[in-house]
Amino acid sequence: PTTNSSMSAARKGSTFKSFEDPIQLDIRTILLKIDKISIAVDAAKEVIITHELSHLLQESRKFLNDIKRRMTNSRSLFSANEKEIQEKERTTETIKFVYEGMVKVDNRSKRGGSGTPRPGLTKIMTFTKFEFEKDSDLKDLLRELGKNWNFDTWQLNSFSPGNALRMAGEFLFHDRNFNSEFQISKHKVSNFLVKLEQGYKENPYHNQVHAADVMASMYYIVNNSDKVIENMSNLDIMTMCLAALAHDVGHPARTNRFLINTKSDEALLYNDLSVLENMHCSVTFKLLSDPSCNLFENFELEAYTECRKTMIEMILSTDLSKHFDLVGRFKASCENNSLNFSDYADRLLVFQLCLKAADIGHSSKSLDLHKNWSAKVTQEFFEQGDAEKELGLPISALCDRNTTFVPESQVGFLKNLAIPLFDAVGTYLDSHSFNT
């Protein structure tokens with residue numbers, strides 16, 4: 001028998017490898033393969049997911065680009081449709097004037113216009129009809145504007161209805177052919193007149209009807225003065241009438257003295273100097289700076305500058321504190337026979353006096369018209385007096401309803417302001433129809 005030690009020695013010297021169970025080997029191999037498959041699956045998943053995400057991203061981009069394209073097309077279509085609609089509205093009931101390089105205006109020589117338009121006029125211009133042209137009753141009434149000193153703007157306001165300023169202004173531009181001569185679209189004229197009319201407050205006296213009345217009186221003076229017809233161009237007449245329409249826009253139914261005494265924003269802005277009149281000018285030219293209302297868009301700078309200066313100086317002259325100085329200078333120039341229409345300062349002085357006469361024109365009209373206007377200005381004065389009393393301020397002259405005797409105040413107004421002004425203007429204008 002073999003001993004234990006000999007058996008151990010025999011094992012140590014053996015050349016055979018350690019024994020491994022075949023079953024355990026297969027399991028390990030399978031597990032390794034599973035691990036490799038899992039890694040491959042994970043990698044494949046990542047590739048697939050990345051590919052799918054990339055594809056999804058591309059599809060999303062296509063979808064978004066398609067939406068953007070459709071939105072852009074929709075906006076373009078909407079914009080085009082909107083422009084088409086606006087163009088159709090502007091050209092509704094239009095009149096096309098075709099002329100060969102020069103606008104022909106009827107009776108231009110009789111009315112003092114030069115008859116020569118600025119170079120570069122468009123040969124075909126499209127104008128929208130004015131509102132008054134669509135109403136036969138309004139057209140019949142407005143035919144008297146500029147011909148009848150007693151033209152009733154309250155009746156015009158009733159016929160409009162409530163648009164006396166706009167109707168009077170539209171008729172003026174139509175009657176004098178300003179649109180053709182100065183390349184001003186009727187659309188812009190109407191915009192300007194509508195917004196100017198809206199700028200007037202619902203006051204008893206200083207309202208849009210008063211503005212229309214002053215313009216009507218101004219237009220009568222223009223049409224019935226030989227000196228005006230001989231020496232003024234259509235541009236002068238348009239400037240004068242625009243100043244008349246705008247001369248009281250934004251009026252708060254209070255005097256300059258009231259605004260100064262109450263330290264109003266307007267008084268602080270204009271340093272107590274012609275507060276209301278400066279405000280009227282500012283409001284007017286802010287409105288004219290609106291592209292939809294810019295009547296001067298086709299004017300050369302020099303022509304616009306003169307029109308602006310003239311309108312401002314005319315409106316500022318309606319400040320009653322300047323009344324006696326202006327009338328005195330005008331009378332002195334007339335007596336010395338030194339007024340020269342070719343001189344701008346003299347021409348401006350005539351324009352200023354014409355506006356002042358038109359501003360208080362009701363004092364020389366029929367008794368019914370004068371009584372109506374006088375009652376309205378008296379009401380406005382009394383309302384200011386009530387406000388002054390409530391604020392503890394001194395009550396202004398003619399504004400105390402408890403002490404003012406209206407017939408006596410009217411006599412003083414006519415004697416001291418109206419008659420001397422009309423006497424001076426009437427003598428200079430040398431017009432039989434105006435003097436009567």
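In the block above lies the structure referred to throughout.
Conventions adopted
Residues numbered from 1 in each chain as written. Predicted model: local features only at pLDDT ≥ 70, side-chain atom pairs only at ≥ 80, totals over all residues. Heavy atoms only, no water. Helix = DSSP H or I, 4+ residues; strand = E, 2+ residues; numbered from the N terminus. Buried < 20%, exposed > 50% of the residue type's maximum accessible area, 1.4 Å probe, protein only. Contact = heavy atoms within 4.5 Å. Axes fitted to C-alpha atoms, helices over the stretch in contact; angles between N-to-C directions. Parallel < 35°, antiparallel > 145°, perpendicular 65-115°, else oblique. Left-handed = near helix turned anticlockwise from the far one by under 90°. Nonpolar A, V, L, I, M, F, W, Y, C, P; charged D, E, K, R; others polar. Salt bridge = Lys/Arg side-chain N within 4 Å of Asp/Glu carboxyl O. Phe/Tyr/Trp six-rings, centres within 6.5 Å; stacked < 30°, edge-to-face > 60°. Polar contact = N/O pair within 3.5 Å; in protein donor to acceptor, adjacent residues only side chain to side chain. 1 Å grid on protein atoms, 1.4 Å probe; cavity = no way out; pocket = protein on both sides within 12 Å on 5 of 7 lines; lining within 4 Å. Points joined across faces, edges and corners; volume = space filled by probe spheres on them. Expected span 1.5 Å × (residues − 1). Arc of directions from axis to C-beta.

## Comments concerning the overall build of the protein
Link 1 in the chain: From N to C terminus, the protein includes 19 helices and two strands.
Link 2 in the chain: For the protein, buried positions account for 42% of its 436 residues.
Link 3 in the chain: Sequence-distant contacts in the protein: of pairs separated by 6 or more residues, those separated by 24 or more amount to 74%.

## As for the packing of helix H14 (residues 301–316) against helix H16 (residues 344–359)
Link 1 in the chain: In contact at an axis separation of 9 Å, H14 and H16 are set at 45° when each is read in the N-to-C sense. In terms of axis orientation, H14 runs oblique to H16. Between H14 and H16 lies a crossing whose hand is right-handed. Contacts from Glu306, Lys309, Thr310, Glu313, Met314 and Ile315 in H14 reach Tyr344, Arg347, Leu348, Phe351, Gln352 and Leu355 in H16.
Link 2 in the chain: When grouped by side-chain class, the residues that make up the contact of H14 with H16 number six nonpolar, two polar and four charged.

## So, the pattern of salt bridges
Opposite charge on two side chains permits them to pair, given that their charged atoms come into close proximity.
Link 1 in the chain: Scanning all chains against the criterion turns up eight salt bridges.
Link 2 in the chain: Residue glutamate 297 pairs with lysine 188 through a salt bridge whose shortest N-O separation is 2.7 Å. You can see glutamate 297 sitting in the loop between helix H13 (275–288) and H14 and its partner lysine 188 sitting in helix H7 (residues 186–199), a full 109 residues away along the chain.
Link 3 in the chain: The class for lysine 188 is buried, based on a relative accessible area of 15%.
Link 4 in the chain: The salt bridge partner of aspartate 386 is arginine 401, with a shortest N-O separation of 2.7 Å.

## A few points about the packing of aromatic side chains
Link 1 in the chain: The full count for this structure, using the stated rule, is eleven aromatic pairs.
Link 2 in the chain: The interplanar angle of 45° and the centroid separation of 5.7 Å between the aromatic rings of phenylalanine 182 and phenylalanine 299 together place this pair among those described as tilted. On the criterion of sequence distance, the pair formed by phenylalanine 182 in helix H6 (residues 178–182) and phenylalanine 299 in the loop between H13 and H14 is long-range, its members being 117 residues apart. The same class applies to phenylalanine 182 and to phenylalanine 299, which are both buried.

## Things to note about unusual backbone geometry
Link 1 in the chain: Cis rather than trans, the peptide bond between serine 160 and proline 161 has omega equal to -5°.
Link 2 in the chain: Along the chain, proline 161 turns up in the loop between helix H4 (153–159) and helix H5 (164–175).
Link 3 in the chain: The residue aspartate 272 is not glycine, and still its phi comes out positive at about 65°.
Link 4 in the chain: Within the element layout of this structure, aspartate 272 appears in the loop between helix H12 (265–269) and H13.
Link 5 in the chain: Aspartate 272 sits in the partly exposed class, given a relative accessible area of 41%.

## What about the environment of asparagine 179?
Link 1 in the chain: Within the fold, asparagine 179 resides in helix H6.
Link 2 in the chain: Residue classification places asparagine 179 among the buried residues on the basis of a relative accessible area of 3%.
Link 3 in the chain: Sequence separation between asparagine 179 and valine 189 is ten residues; the distance between their C-alpha atoms is 8.5 Å.

## Observations concerning the side chain of lysine 365
Link 1 in the chain: The residue lysine 365 is located in the loop between H16 and helix H17 (367–391) in this model.
Link 2 in the chain: Within the structure, lysine 365 has its side chain in polar contact with the side chain of aspartate 213 (distance 3.4 Å).
Link 3 in the chain: Not counting residues within four places of it along the chain, the set of residues in contact with lysine 365 comprises Trp149, Asn150, Phe151, Asp213, Ser217 and His370.

## With respect to the layout of surface pockets
Link 1 in the chain: Put simply, the largest pocket is a space of about 1,200 Å³.
Link 2 in the chain: Looking at the lining of the largest pocket element by element, the count peaks at six residues for helix H18 (residues 406–429).
Link 3 in the chain: Of the residues in the lining of the largest pocket, the class split is 17 nonpolar, 18 polar and nine charged.

## Section: helix H15 (residues 323–335)
Link 1 in the chain: Here H15 spans 18 Å end to end across 13 residues, near enough to the 18 Å set by a 1.5 Å rise per residue.
Link 2 in the chain: Looking only at H15, the buried set comprises His323, Leu326, Val327, Phe330 and Ser333. Each buried residue of H15 lies within a common arc of 130° when the element is viewed along its axis, so the set occupies one face. Summarising the geometry of H15, the exposed residues directed more than 90 degrees from the buried face are Phe324 and Glu335.
Link 3 in the chain: On its buried face, H15 is in contact with H16 and H18.

## A look at the packing of helix H8 (residues 208–223) against helix H10 (residues 234–246)
Link 1 in the chain: In contact at an axis separation of 7 Å, H8 and H10 are set at 155° when each is read in the N-to-C sense. Taken together, the axis directions place H8 and H10 in an arrangement best described as roughly antiparallel. Where H8 crosses over H10, the handedness of that crossing is right-handed. Contact residues: Ala211, Ala212, Val214, Met215, Met218, Tyr219 and Val222 in H8; Ile237, Met240, Cys241, Ala244 and Leu245 in H10.
Link 2 in the chain: Broken down by class, the residue content of the contact of H8 with H10 amounts to twelve nonpolar, no polar and no charged.

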